[in-house]
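The primary structure of each chain is shown beneath.
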Amino acid sequence: MSKNKEGSSLLRDGSISYLIPFILITSCFALWGFANDVTNPMVKAFSKIFRMSTFEGALVQVAFYGGYFAMAFPAAMFIKKYSYKAGILVGLGLYAAGAFLFFPAKLTGNYYPFLLAYFILTCGLSFLETSANPFILSMGTEETATRRLNLAQSFNPMGSLVGMWVAMNFIQAKLNPMDSVQRSTLSDAEFEAVKSADLSVLIKPYLIIGIVIAVMFVVIALVKMPTGGDTGGKLDLGGSLRRLWNIKRYRYGVLAQFFYVGAQIMCWTFIIQYGTRVFMEGGMMEADAEVLSQKYNIAAMVIFCLSRFICTFLLKYINPGKLLKILAIAAMALVVGVIAINGKGGLYCLVGVSAAMSLMFPTIYGIALGGLGDDAKFGAAGLIMAILGGSVLPPLQALIIDRGTIGGYPAVNLSFVLPFICFLVISIYGHFYPERGEGAKAKS
């Protein structure tokens with residue numbers, strides 16, 4: 001690790017070591033990565049189980065990312081009054097509660113109780129992310145903060161990989177193999193029997209992760225955490241918001257984060273629909289095509305994970321904003337391939353987009369929060385609220401996909417014009433805000 005001052009490094013500030021707290025809080029990054037990516041394939045799964053359109057299935061993402069939006073500022077006010085550790089514990093508690101609610105949701109046999117469970121679960125994730133991201137930034141020197149957050153975020157896709165693997169092997173592969181057309185011909189009694197069996201399969205991973213989260217809650221509750229980022233003081237939400245609004249680097253960072261999360265969720269959610277269409281055109285059955293498409297989704301996440309570590313290393317030598325801009329332009333080029341190439345080539349481009357996305361979330365986050373001091377707590381909430389992009393944009397893409405074809409061309413291909421626009425916005429942000437803004441550069 002490179003030294004920044006006497007006795008200091010990436011996880012040390014003078015005589016203070018942050019290694020154990022860093023490991024524990026970083027594990028939370030993996031845990032919410034699991035939740036994100038065990039959920040993405042559920043859009044397709046719920047659509048089949050409840051015989052719904054892609055748009056109705058995408059309401060899973062509305063509930064999921066709507067929870068992030070709704071709870072971000074309450075989480076910020078809570079950690080402002082108490083501490084980052086308290087915010088982490090509330091987040092874990094809500095995460096576990098939402099996961100356990102999948103059992104009563106299954107008993108109802110209805111779709112909407114699952115949306116409520118997702119919403120509560122992601123209220124917990126909102127607490128976790130609002131607390132954990134600035135907590136990691138505070139665990140060391142200002143100069144290494146963006147690199148430290150990228151390192152912590154590198155473990156997020158590891159949890160995502162586990163979530164994808166679980167979704168593929170313990171949900172998708174175990175659901176009834178009947179495709180959507182076959183399910184539409186079932187009688188009401190037959191449909192209810194198949195639906196009940198499929199829901200029993202679907203809820204098991206959520207109940208297990210609920211137990212894991214409960215154990216993690218106990219561990220973190222018992223471990224002493226640093227309080228360097230917990231300044232306490234009077235709650236001044238209005239003043240903080242005014243100061244934050246006057247910082248263009250932060251204000252446009254929230255906008256860039258909105259579009260980034262939207263692009264990420266669209267590329268990872270609808271790779272299933274994209275791949276399924278490609279493989280079914282090659283003569284494969286729908287169920288087999290979905291499982292194979294999930295394997296491509298896992299490949300995309302492996303690439304994302306490896307690229308995150310590589311980009312974290314590159315940040316030692318390349319300006320964060322400049323690297324962000326380069327990767328956003330690369331993502332735009334790959335999305336053009338997704339749209340224009342009607343076959344496996346387009347699918348390969350879609351997998352490749354993940355390499356370009358790997359750096360984006362933590363780098364936008366680090367640039368936007370640089371030098372905000374105690375306002376970083378409410379600043380973090382705004383950036384977590386920007387995750388609403390994952391709730392707003394995927395249903396719009398789903399509406400396009402439900403068209404089937406547009407002008408004789410596959411609508412699923414054309415729908416990726418939305419991620420292209422998102423990456424364009426991110427490239428502009430990287431261009432105009434190349435520096436992290438170390439120190440309190442409020443005028444920027």
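Look a little higher up for the structure.
Residues numbered from 1 in each chain as written. Predicted model: local features only at pLDDT ≥ 70, side-chain atom pairs only at ≥ 80, totals over all residues. Heavy atoms only, no water.

A. Spotlight on helix α11 (residues 188-222). Between the first and last C-alpha of α11 there are 51 Å, a value that for 35 residues agrees with the 51 Å anticipated at 1.5 Å per step. In α11, a bend of some 30° at I203 exceeds every other bend along the element, and P205, a proline, comes one to four places later. (Helix = DSSP H or I, 4+ residues; strand = E, 2+ residues; numbered from the N terminus. Expected span 1.5 Å × (residues − 1). Bend = angle between axes of the 7 residues up to and from the residue.)

B. Up close: unusual backbone geometry. Even without glycine at this site, R51 takes up a positive phi of about 55°. Looking at the element boundaries, R51 is found in the loop between α2 (42-49) and α3 (54-57).

C. Region of interest: a nonpolar patch on the surface. Taken together, F55, V392, L396 and L399 make up a surface patch of nonpolar side chains, about 310 Å² in accessible area. With a relative accessible area of 44%, L399 lands in the partly exposed category. (Patch = residues over 30% accessible without salt bridge, like charges linked within 9 Å, V, L, I, M, F, W, Y side chains within 5 Å. Areas by Shrake-Rupley, 256 points an atom, 1.4 Å probe, with all protein chains shown as cover. Salt bridge = Lys/Arg side-chain N within 4 Å of Asp/Glu carboxyl O. Buried < 20%, exposed > 50% of the residue type's maximum accessible area, 1.4 Å probe, protein only.)

D. Geometry of helix α18 (residues 360-369). Judged by how many residues are buried, α18 sits mostly within the fold: 10 of 10 residues are covered. Looking at α18, one finds that the buried residues are M360, F361, P362, T363, I364, Y365, G366, I367, A368 and L369. Once α18 ends, the next one or two residues include G371, with phi positive near 75°.

E. Quick look at the nonpolar core. By size, the foremost hydrophobic cluster in this structure holds 142 residues, and its most contacted members are F46, Y95, L202, F416 and F423. In terms of residues, this core owes the most to one element, helix α7 (residues 112-138), which gives 11 residues. Among residues more than four places away in sequence, those in contact with F416 are M266, C267, F270, Y274, V335, V338, I339, L350 and Q397. (Core = buried A, V, L, I, M, F, W, Y, C linked by side-chain atoms within 4.5 Å. Contact = heavy atoms within 4.5 Å.)

F. Highlighting the pattern of salt bridges. Enumeration according to the criterion identifies 4 salt bridges in this entry. K48 serves as the salt-bridge partner of E290, at 3.5 Å between the closest nitrogen and oxygen. In this pair, E290 sits in helix α15 (residues 286-314) while K48 sits in helix α2, placing the two residues 242 residues apart along the sequence. For the pair E290 and K48, a shared accessibility class is recorded, and that class is buried. The salt bridge involving R183 is made with D198; its shortest N-O contact spans 3.0 Å. Taken as a pair, R183 in helix α10 (residues 180-184) and D198 in helix α11 lie far apart in primary sequence, 15 residues in all. Residue classification places R183 among the buried positions, given a relative accessible area of 2%.

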